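Here is what each chain is made of, one letter per residue.
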Amino acid sequence: MPLSKVDFERMEQQEGRPITLLRRGTPDIIVPNIQAKDTRAQNSPSVENISGGMVEDMFMITCTTIEMELAGFPVPPVVTDRLLFDGEYHNVTAVYMLYLATVLAGYKIQVMG
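Residues numbered from 1 in each chain as written. Predicted model: local features only at pLDDT ≥ 70, side-chain atom pairs only at ≥ 80, totals over all residues. Heavy atoms only, no water.

S.K.: Would you explain the side chain of T65 in this entry?
M.R.: The residue T65 is located in helix α2 (residues 65–71) in this model. Looking at T65, the relative accessible area reads 7%, which means it is buried. Within the structure, T65 has its side chain in polar contact with the backbone nitrogen of G106 (distance 3.1 Å). With residues up to four places along the chain from it excluded, the contact list for T65 reads L104, A105, G106 and Y107. (Helix = DSSP H or I, 4+ residues; strand = E, 2+ residues; numbered from the N terminus. Buried < 20%, exposed > 50% of the residue type's maximum accessible area, 1.4 Å probe, protein only. Polar contact = N/O pair within 3.5 Å; in protein donor to acceptor, adjacent residues only side chain to side chain. Contact = heavy atoms within 4.5 Å.)

This is how it looks when you write it as structure tokens:
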């Protein structure tokens, strides 16, 4: 997904919340306190109907590449990663790469849970 310079600056300036990224593996990689931008406050949440009338909230999280690399998390995030914030685990369901011109600037991470 291409970003304009204005979009990138807006992404950088947004207030974030600390999240913990988890990647399963041998050994598991756990990186706490990456600042991420949760778009639930700006958009109405999307809800997916799962079995028996239960629903799950789907939303987007935005992280810059620099934040993830400085925290030591292997980039890019992948669908098997999990996020922990507000005391709850959330599954990554899609990852979109955000480019500023030809430079990878960040990730838009679709989360469910």
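S.K.: Just checking my understanding: could you explain the pairing of strand β6 (residues 82–85) for this structure?
M.R.: Along a regular strand, successive side chains alternate from one face of the sheet to the other. The alternating pattern of β6 places L83 and F85 on a buried face, while none of R82 and L84, on the opposite face, is buried. Direction of pairing for strand β2 (residues 17–23) relative to β6: antiparallel, over a ladder of three bridges. Of the residues in β6, the one forming a bridge with T20 is L84. By the bridge criterion, four bridges tie β6 to strand β7 (residues 88–100) in an arrangement that is antiparallel. Bridged to R82 within β7 is N91. (Pairing = 2+ DSSP bridges.)

S.K.: Can you help me understand the environment of P77 in this one?
M.R.: With respect to the secondary-structure elements, P77 resides in the loop between α2 and β6. For the pair P77 and K108, spaced 31 residues apart in sequence, the C-alpha to C-alpha distance is 9.6 Å. Excluding anything up to four places from it in sequence, P77 contacts R23, M68, V95, Y107 and I109.

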